[in-house]
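The primary structure of each chain is shown beneath.
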Amino acid sequence: MVLSAINIVWMRRDLRLHDHAALYHALQAQGSVQPVFIFDTEILAHFPHRNDRRLSFIVSALCDIDRELQKRGGRLLVLHGNAKEIIPTLAQALGVGNIYAAEDYEPEAMKRDAAVAAQLEGTAKITFVKDQVIFSPKEILLESGAAYKVFTPYSNNWRSRITPLSSMPYEYNDKGRYAAFDGVMQRIQACGLQYIDLSAGPEAALEAVEYDYNKDTLWPTQGAVARLQEFISEKSKNYEFSRDAMAVHGTSRLSPYLRFGLVSVRECVHRAMEAGAIKWLTELIWREFYAMTLFHVPESAHVEWNPKYRGRLDWSHNEGHLAAWQQGKTGYPVVDAAMRQLLTEGWMHNRARMIVASFLTKHLRISWTKGEEHFAQYLMDYDMASNVGGWQWAASTGTDAQPYFRVFNPSLQSEKFDPKGEYIRRYVPELQRAPADTLHAPWKHPLLMNYYPPIVDHATARDQALAMFKKLA
Ligand SMILES: Cc1cc2nc3c(=O)[nH]c(=O)nc-3n(C[C@H](O)[C@H](O)[C@H](O)COP(=O)(O)OP(=O)(O)OC[C@H]3O[C@@H](n4cnc5c(N)ncnc54)[C@H](O)[C@@H]3O)c2cc1C
């Protein structure tokens, strides 16, 4: 079968069909469009659990896209293997001249994209377009051209540069512009690429890449845009006041959708500006600040961003403490609730993330890298830049981090941000019936003596943390 000129749209962190930068650019070119997603074996190697809920989320989003594409005359092509080999093989098999993909700023992703571009040289052109941020890490810099180290001036510069146009969602008419899928499939079968058939359903699709599918009612893939609209119209006004209350859904809970691109950052920013949701906009700017930081200091994914501390902090290697923290058995109910929320929901409230990160790095003096790795295994919204940024902020080793002498007192934090203990009770069934005033420090109450005893004493742990940092002051 003769195929007319095809342009590939390689979907990665942009799992949607609306306001899609790569799709928009592919539609500007002549010829038809074939959207492609690859279950990349190099990425899957970082997903050791067969029932990883992120893979269920991804495959469910791919099925949604495929169904929608069928209405528009196309199909989604899903392949399994090493993306660095697949893209050049695919381009050759389909006789493709142009490939479009969104820019990715994570260190490994940039290496992959550079390798793909090099392999394609002379046969096809790959164009990377900005999609997951409003301003790329190269766009908001100090006058000297160096990266910002402090958030507020970065944020001021960001805000001064934003115009209605820079957050304007992409619009296009893609009906009838997709490649004839039968012809595409003939070529795929002939060249031996491993194709995943979405028509057989999400279970079979994940089974083919050796993972288990679990339908997730907590994080449905449909209705992401409606979630954004609902947050903007109903919650954004109160966000400044309710964002720290751990028991209520006062934040947008859009992070998994932003992470995998089921909503675009342009529509988030656009709506935030329309609604005057200034505080919420600031959080979206933090996301770009951390992307910029990791881009300019890629080694900060693994070592302390602050050269003063790099590789020099005397971290503890207490495996028992680490396990108690990971399982939510530290004896500090707010820490335990948060860690169990992570295990059961694949998500954690931002205030809780700050509390548990402070606890691991300051109370237990265990390196932030251990916490970063644990979050990377379980967070639905895991994003290397934001996670490393958040961890290094809490550990006082990062850019614009909190000062080392700020050590959260977990009991005071839960008294303040979960006064009635609703958050604690939701995730710690052992404390289900405990009176609210006993929940923040159960070891003081004879009624609750059966609860896990605190693995460290707050005051002693605080002194030890300060001593660890002071040595390098
Ligand atoms: C130790 C630690 C680890 C973290 N790891 C991640 C991570 O892996 N992925 C992730 O998306 N966020 C991470 N965060 C930031 C923040 O906790 C989450 O983005 C937020 O809790 C997501 O909930 P939400 O969508 O309701 O956020 P909202 O409050 O509604 O904010 C809207 C969006 O802004 C972005 N955002 C909000 N706060 C931050 C922040 N502090 N830094 C960067 N972006 C932010 C997110 O994309 C979020 O969805 C981490 C924070 C800490 C302290």
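Residues numbered from 1 in each chain as written. Predicted model: local features only at pLDDT ≥ 70, side-chain atom pairs only at ≥ 80, totals over all residues. Heavy atoms only, no water.

A. Structural view of the nonpolar core. Counting 129 residues, the largest nonpolar core has L15, F39, W158, W280 and W325 as its most contacted members. Here this core gets ten residues from one element, more than from any other, and that element is helix α13 (residues 278-296). Counting contributing residues, this core receives three or more from each of domain 1 (6-130 + 179-208) and domain 2 (319-468). Here L15 is in contact with F37, I58, A61, L62, I65, F260, G261 and L262, once residues within four sequence places are set aside. In terms of nonpolar packing, the next biggest core, distinct from the first, is built from 26 residues, L79, I87, I99 and L120 among them. (Core = buried A, V, L, I, M, F, W, Y, C linked by side-chain atoms within 4.5 Å. Buried < 20%, exposed > 50% of the residue type's maximum accessible area, 1.4 Å probe, protein only. Helix = DSSP H or I, 4+ residues; strand = E, 2+ residues; numbered from the N terminus. Domains from an automatic or database assignment. Contact = heavy atoms within 4.5 Å.)

B. Up close: unusual backbone geometry. Even without being a glycine, R253 presents a positive backbone phi close to 50°. Along the chain, the position of R253 falls in the loop between α10 (239-242) and α11 (255-259).

C. Fine view of the packing of aromatic side chains. In the structure shown here, the tally under the stated rule is 29 aromatic pairs. A ring pair is formed by F57 and F260, whose centres lie 5.5 Å apart and whose planes are at 50°; its orientation type is tilted. Here F57 is found in helix α3 (residues 53-71), whereas its partner F260 is found in the loop between α11 and α12 (265-275), with 203 residues between them in sequence. Exposure remark for F260: the relative accessible area of 7% places this residue in the buried category. Members of the aromatic cluster, joined through ring pairs, are Y148, F151, Y154, W286, F289 and Y290. Over the face of the ring belonging to F260 we find R259, whose NZ or CZ atom lies 4.9 Å from the ring centre. (Phe/Tyr/Trp six-rings, centres within 6.5 Å; stacked < 30°, edge-to-face > 60°. Lys NZ or Arg CZ within 6 Å of the ring centre and 35° of its normal.)

D. Expanded view of the domain arrangement of the protein. According to the domain assignment, the protein contains domain 1 (6-130 + 179-208) and domain 2 (319-468). Placing the centre of domain 1 and that of domain 2 at their C-alpha centroids yields a distance of 39 Å. Listed by partner, the interface residues are ten residues for domain 1 and eleven residues for domain 2. Roughly 810 Å² of surface becomes buried between domain 1 and domain 2 when both sides are summed, with 44% attributable to carbon and sulfur atoms. Linking domain 1 with domain 2 are one salt bridge, by the criterion used here. Across the pair D383 and R13 runs a salt bridge whose closest N-O atoms are separated by 2.9 Å. (Buried area = accessible area lost by both parts, 1.4 Å probe. Salt bridge = Lys/Arg side-chain N within 4 Å of Asp/Glu carboxyl O.)

E. Spatial organisation of the site of the ligand. Y239, T251, S252, R253 and N350 are the nearest of the 28 residues found near the ligand. R353 is positioned with one of its side-chain polar atoms (N or O) 3.4 Å from an oxygen atom of the ligand. Computed on the free molecule, the ligand has an accessible area of 810 Å², of which 95% lies beneath the protein chains in the complex. Mapped by element, the contributors of at least two residues to the shell around the ligand are α11, α13, α16 (350-363) and α18 (384-394). Considering only residue class, the shell around the ligand consists of 15 nonpolar, seven polar and six charged. (Near = heavy atom within 4 Å. Polar contact = N/O pair within 3.5 Å; in protein donor to acceptor, adjacent residues only side chain to side chain. Areas by Shrake-Rupley, 256 points an atom, 1.4 Å probe, with all protein chains shown as cover. Nonpolar A, V, L, I, M, F, W, Y, C, P; charged D, E, K, R; others polar.)

F. Structural view of the packing of helix α4 (residues 83-94) against helix α7 (residues 181-191). Put simply, α4 and α7 touch, their axes get as near as 9 Å, and they point 125° apart. Judged by the inter-axis angle, α4 sits oblique to α7. Judged by the sense of rotation from one axis to the other, the crossing of α4 with α7 is right-handed. Between α4 and α7, the residues in contact are T89, L90, A93 and L94 and V184, R187, I188 and C191, respectively. When its residues are assigned to classes, the contact of α4 with α7 shows six nonpolar, one polar and one charged. (Axes fitted to C-alpha atoms, helices over the stretch in contact; angles between N-to-C directions. Parallel < 35°, antiparallel > 145°, perpendicular 65-115°, else oblique. Left-handed = near helix turned anticlockwise from the far one by under 90°.)

G. Summary view of the sheet that holds strand β6 (residues 194-195). Sheet architecture is open: six strands sit in the order β5-β4-β1-β2-β3-β6, paired in mixed fashion. The sheet is open, and its two borders are formed by β5 (125-129) and β6, each paired with just one other strand. Judged from the four bridges that link them, strand β1 (residues 6-11) and strand β4 (residues 98-102) form a sheet pairing that is parallel. Its bridge partner being in β4, I8 is matched across the sheet by I99. Seen against the sheet, α7 touches β1, β2 (32-40), β3 (77-81) and β6 and runs at an angle of roughly 15° to β3. (Pairing = 2+ DSSP bridges.)

H. Examining α12 more closely. Among the residues of α12, V265, R266, E267, C268, V269 and A272 are the ones counted as buried. In this structure, the buried side of α12 is in contact with α1 (21-28), α6 (151-161), α9 (224-235), α11 and α13. The first or second residue beyond α12 is G276, which carries a positive phi of 65°.

I. Structural detail: helix α21 (residues 458-470). Taking 1.5 Å as the rise per residue, α21 with 13 residues should run 18 Å; its terminal C-alpha atoms sit 18 Å apart, in good agreement. Turning to α21, its buried residues number three or more, namely H458, A461, A465, L466, M468 and F469. For α21, the buried positions fall inside an angular range of 155° around the axis, keeping them on one side. On its buried face, α21 sits against α16 and α19 (410-417). (Expected span 1.5 Å × (residues − 1). Arc of directions from axis to C-beta.)

J. Expanded view of the pairing of β3. Burial runs high along β3: five of the five residues are buried. In β3, alternate side chains face the same way, and those of L77, L79 and G81 on one face and V78 and H80 on the other are all buried. Pairing analysis gives five bridges linking β2 to β3, with the strands arranged parallel. Pairing of V36 across the sheet is with L77, part of β3. As paired elements, β3 and β6 share two bridges and run antiparallel to each other. The residue bridging H80 from the neighbouring strand is Q194, located in β6.

K. Expanded view of the environment of A245. By secondary structure assignment, the location of A245 is in the loop between α10 and α11. Separated by 104 residues in the primary sequence, A245 and H349 have C-alpha atoms spaced 8.9 Å apart. Not counting residues within four places of it along the chain, the set of residues in contact with A245 comprises H349 and F417.

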